[in-house]
Amino acid sequence: MKVTLKDGSQITVEKGARIIDVAAQISEGLARVALIARLNGTLVDLTREITEDSTLEILTFKDEEGRNAYRHTCAHVLAQAVKNLYPEAKLAIGPAIKTGFYYDFDLPSSITMDDIPRIEKEMESIIKADFPIERSVVTRKQAVTKMRGFGEIYKLQLIEDLPRGAEITLYSQGNYVDLCAGPHLMSTGKIKCFKLTQITGAYWKGNEQNKMLTRIYGTAFEKKSEMTEYLQAVEDAKKRDHNKIGRELEIFMTDELVGQGLPLFMPKGAKLLQILQRFVEDEEERRGYMFTKTPLMAKSDLYKVSGHWEHYKDGMFVLGDEAMDDEVYALRPMTCPFQYLIYKNGIKSYRDLPCRYSETSTLFRNEASGEMHGLTRVRQFTLSDAHIVCTPEQVEDEFKRILDLILYIEDCLGIRNEISYRFSKWDPKKKSKYINNPKGWNDTQALMKKILDDIGLDYVEADGEAAFYGPKLDLQASNVWGKEDTIITIQIDFGLAERFDMTYIDENGAKQRPMIIHRSSIGSYERTIAMLIEKYAGAFPLWMSPTQVKVMALTDRTTEKCTEVADALKKQGIRTEVDLRNEKIGFKIREAQLDKVPYMLIIGDKEAEAGLVSVRSRKSGDLGTMTLDAFCERVKKEIESFSLEN
RNA sequence: GCUGUUAUGGCUCAGUAGGUAGAGCACGUCCUUGGUAAGGACGAGGUCCCGGGUUCAAGUCCCGGUAACAGCUCCA
């Protein structure tokens, strides 16, 4: 048999040779690290035999697929251990995930982290026993009989869900048998090190109508050092958690008297928000946007026209009871309908388009109580929102302009590398969630795809993530917990212009239907600030630091001089604070460092006499003395260039 | 919303076995006038999240609520 390897080279093997033997034929070292293989494009176990001329790629822990098989096998070891310790436990599913693996169980009684050492110990002994892992292909009937025999009710449901004609395989190791597509390692002893990290609840099949099962998370590595490093990195990431340091740095707080998902911005946070808002609004104005300021609530009638009442009522804060014949109002969950009414105030000509309305818009969304998280998921937030009403021919150019603005803002914030792009489409199977106009969807999605491909954006497509009125380009970022959130979105709306009967008069005097693009530029200030806190661990770039310079007196002989210097800096527009307290300079510096103040100016008798300031940077420490003018120039240059260096 | 964990001075946390509470930091006063990440002394400060229950007695045990955290689900 001829086997073609990944590098193109060919080797000859005996018919029926197992892949592990082929690996050994290539090199002893490869056979040692081999985990699974890709045979003719399919992932298989190393025990699979070669029966025809084939292409073969041996996969190791360095390959994503190899790593997944390794961890998936570890999930089976976990399941075997749980079954040994809790024989009544029922198995659900147990896949590998990005950071490790999990397995879902239906347990007779709940377990806690205190039970973990026992389970880990049992896993150790399973690994030590080095059970060979065997794959067997069975008929549907055999699979059902076997799983029914074990009382594995969830596995039976999984078998039912398998499409007709699908190959059904069982994997066994010792006394443990699992319904599983594989592939797996050759034996349980191949697992070198693992750790169970968490126990939580999770719905069966991810559906909240179903029973809540017990999910045990874990991770596994080939080397202990790699695992320690990974666990340490997870710990370190948590130190950047905006929800922790955002409170410590007094950027925001919450209070149960106010309510869930309603953060209070403290002076530093409010300053940061103002800095970002001014930056965004100035840039938008430069790029041809007009600003509106519209009400935070409206009668339900408005949302009935827009379709939000039908598609989104549960997410709104409604005031007044329709059943009691009250006039019903609702806090606005979005800005669109308000700006559409402004557009409709007067007849629009094609000469008025594109019409770009922007608003720094406060919105209210009644998120479920378990969803709130720091500043990233809140019930009231402020979005840099805009709606561009344009002709169909202008959509492409406008879309590109929007993306250009967004990329500029990302660069200034220094977050461009943190962001990935998702093209969110509708799900034709869930028509009730969307405006039911398949042609509209297809046309708009095709247009959006063309634009994205033209720009050459690297994006992933996602079904069922669209807005109810059109497809979106979502800019996604992950937080320190590895959870992904939408930071910014651009949406092409083919539905609402019709609902609101928005028109423009074309060059021939005929009424036409415009297209609308919904977009944000910096996203919601809350969520973006959360992201910035985590990105910079609270040490914001100079241009957005709430306090840019702290002037501190060495002794009370220099208080006057310090005040003078601070006033001069403030006059230049540099955000400055003074520290005249009766404390040692080391103490004041320590406090300013912990506060992440970019620059500290220290003024003692020497400086006062020489007319200089002693400069310290939070990043590089003591920079020596210079004139105040020289310092000002340095700071201003850094601010104007949106430098991310300091 | 669901599962689990948690809730004690402004903050971070102790509190043993049910017997009305402690530390460090922060805060105030005083001493100290110090040169690039914590000088010293003294002092003030607590409805132990809220509401019920058990008990002679509840921060501690039980029930309900609220809020925070993690996961699930959701996120126009």
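Just above sits the structure.
Notes on the structure follow. (Residues numbered from 1 in each chain as written. Chains lettered and ligands numbered in written order. Predicted model: local features only at pLDDT ≥ 70, side-chain atom pairs only at ≥ 80, totals over all residues. Heavy atoms only, no water.)

### Observations concerning the sheet that holds strand 2 (residues 10–12)
Stage number 1. Overall, mixed pairing links the 5 strands, which are arranged 2-1-5-3-4 in an open sheet. Only two strands of the sheet have a single partner each, and these edge strands are strand 2 and strand 4 (42–44). Neighbour-to-neighbour, the strand axes of the sheet open up by a mean angle of 35 degrees, direction not taken into account.
Stage number 2. Of the strand pairs in this sheet, strand 3 (residues 36–39) and strand 5 (residues 54–59) are connected by 4 bridges, and their pairing is antiparallel. By the bridge assignment, Arg 38 is partnered in strand 5 with Glu 57.
Stage number 3. Sitting on the sheet, helix 3 (residues 64–85) touches strand 3, strand 4 and strand 5, and the angle it makes with strand 3 is about 130 degrees. (Pairing = 2+ DSSP bridges. Helix = DSSP H or I, 4+ residues; strand = E, 2+ residues; numbered from the N terminus. Axes fitted to C-alpha atoms, helices over the stretch in contact; angles between N-to-C directions. Contact = heavy atoms within 4.5 Å.)

### Focus: the protein's contact with RNA strand B
Stage number 1. The environment of RNA strand B is formed by 54 residues, the closest being Asn 243, Tyr 312, Arg 365, Ser 369 and Asn 582.
Stage number 2. Backbone atoms, meaning sugar plus phosphate, form 47% of the atoms of RNA strand B positioned within 4 Å of the protein.
Stage number 3. Here a sugar or linking oxygen of RNA strand B and a side-chain polar atom of Glu 256 are 3.4 Å apart.
Stage number 4. In this structure, Glu 371 approaches RNA strand B through a side-chain N or O atom, which is 2.5 Å from a base nitrogen. (Near = heavy atom within 4 Å. Polar contact = N/O pair within 3.5 Å; in protein donor to acceptor, adjacent residues only side chain to side chain.)

### A short note on the nonpolar core
Stage number 1. Ranked by internal contacts, the top residues of the largest apolar core, which has 55 residues, are Leu 276, Leu 413, Leu 473 and Met 544.
Stage number 2. The element contributing the most residues to this core is helix 13 (residues 395–413), with 10 residues.
Stage number 3. Residues in contact with Leu 413, not counting those within four places in the same chain, are Leu 276, Ile 522, Thr 528, Leu 532, Tyr 536, Trp 543, Met 544 and Leu 644.
Stage number 4. Counting residues in hydrophobic clusters, the runner-up holds 34 residues, among them Val 77, Tyr 86, Tyr 103 and Ile 191. (Core = buried A, V, L, I, M, F, W, Y, C linked by side-chain atoms within 4.5 Å. Buried < 20%, exposed > 50% of the residue type's maximum accessible area, 1.4 Å probe, protein only.)

### A few points about the pairing of strand 23 (residues 459–463)
Stage number 1. Of the pairings in the sheet, the one linking strand 22 (residues 420–425) to strand 23 comprises 5 bridges and is parallel in character. In the strand pairing of strand 23, Lys 425 is matched with Asp 463.
Stage number 2. You can see the chain leave strand 22, run along helix 14 (residues 438–455) and come back into strand 23, and the turn it takes is right-handed. (Right-handed = clockwise from strand over helix to strand, strands pointing away.)

### Side note on the side chain of Lys 425
Stage number 1. Its place among the elements puts Lys 425 in strand 22.
Stage number 2. A polar side-chain atom of Lys 425 sits 2.5 Å from a polar atom in the side chain of Glu 461.
Stage number 3. Apart from the residues lying within four places of it in its own chain, the contact partners of Lys 425 are Gln 445, Glu 461, Ala 462, Asp 463, Gly 464, Glu 465 and Ala 466.

### What about the packing of helix 5 (residues 140–150) against helix 6 (residues 153–161)?
Stage number 1. Direction vectors running N to C along helix 5 and helix 6 enclose 165 degrees, while the axes themselves pass 9 Å from each other. In terms of their interaxial angle, helix 5 and helix 6 are classed as roughly antiparallel. Seen from above, helix 5 lies across helix 6 with left-handed handedness. Of the residues in helix 6, those in contact with Arg 140, Ala 143, Val 144, Met 147 and Arg 148 of helix 5 are Lys 155, Leu 156, Ile 159 and Glu 160.
Stage number 2. Across the contact of helix 5 with helix 6, the residue classes break down as 5 nonpolar, no polar and 4 charged. (Parallel < 35°, antiparallel > 145°, perpendicular 65-115°, else oblique. Left-handed = near helix turned anticlockwise from the far one by under 90°. Nonpolar A, V, L, I, M, F, W, Y, C, P; charged D, E, K, R; others polar.)

### A few points about the packing of aromatic side chains
Stage number 1. What the rule picks out here adds up to 18 aromatic pairs.
Stage number 2. Arranged with centres 5.1 Å apart and planes meeting at 25 degrees, the rings of Tyr 103 and Phe 105 form a pair that is stacked. Each member of the pair Tyr 103 and Phe 105 is classed as buried.
Stage number 3. An angle of 85 degrees between the planes, with centres 6.0 Å apart, marks the rings of Phe 423 and Tyr 459 as edge-to-face. With a gap of 36 residues between them, Phe 423 in strand 22 and Tyr 459 in strand 23 connect regions that are remote in the sequence.
Stage number 4. Judged by relative accessible area, Phe 423 falls into the buried class, the value being 1%.
Stage number 5. Of the aromatic side chains, those joined through ring pairs into one cluster are Phe 61, Tyr 70, Phe 221 and Tyr 230.
Stage number 6. The residue whose ring lies beneath Arg 332 is Phe 338, and the NZ or CZ to ring-centre distance is 5.3 Å. (Phe/Tyr/Trp six-rings, centres within 6.5 Å; stacked < 30°, edge-to-face > 60°. Lys NZ or Arg CZ within 6 Å of the ring centre and 35° of its normal.)

### Here we look at the sheet that holds strand 19 (residues 329–331)
Stage number 1. The 3 strands lie next to each other as 17-19-18, forming an open sheet whose pairing is antiparallel. The sheet is open, and its two edges are formed by strand 17 (297–299) and strand 18 (318–319), each paired on a single side.
Stage number 2. Relative to strand 19, strand 17 runs antiparallel, the two sharing 3 bridges. By the bridge assignment for strand 19, Lys 299 is matched with Tyr 329.

### Considerations on the pattern of salt bridges
Stage number 1. Taken as a whole and judged by the stated rule, the model has 45 salt bridges.
Stage number 2. Residue Glu 284 is joined to Arg 519 by a salt bridge in which the shortest nitrogen-to-oxygen separation is 2.8 Å. Here Arg 519 lies in strand 28 (residues 515–524) and Glu 284 lies in helix 9 (residues 267–286), a separation of 235 residues in the sequence. Comparing Glu 284 with Arg 519 shows no difference in burial state: the two are buried.
Stage number 3. As a salt-bridge pair, Arg 332 and Glu 359 come within 3.2 Å of each other at their nearest N and O atoms. One end of the pair, Arg 332, is in the loop between strand 19 and helix 12 (336–344); the other, Glu 359, is in strand 20 (residues 355–364), with 27 residues separating them in the sequence. The residues Arg 332 and Glu 359 share a single accessibility class, namely buried.
Stage number 4. Bridged by salt links that share partners, the residues Lys 425, Lys 449, Asp 453, Glu 461 and Asp 463 form one connected network. (Salt bridge = Lys/Arg side-chain N within 4 Å of Asp/Glu carboxyl O.)

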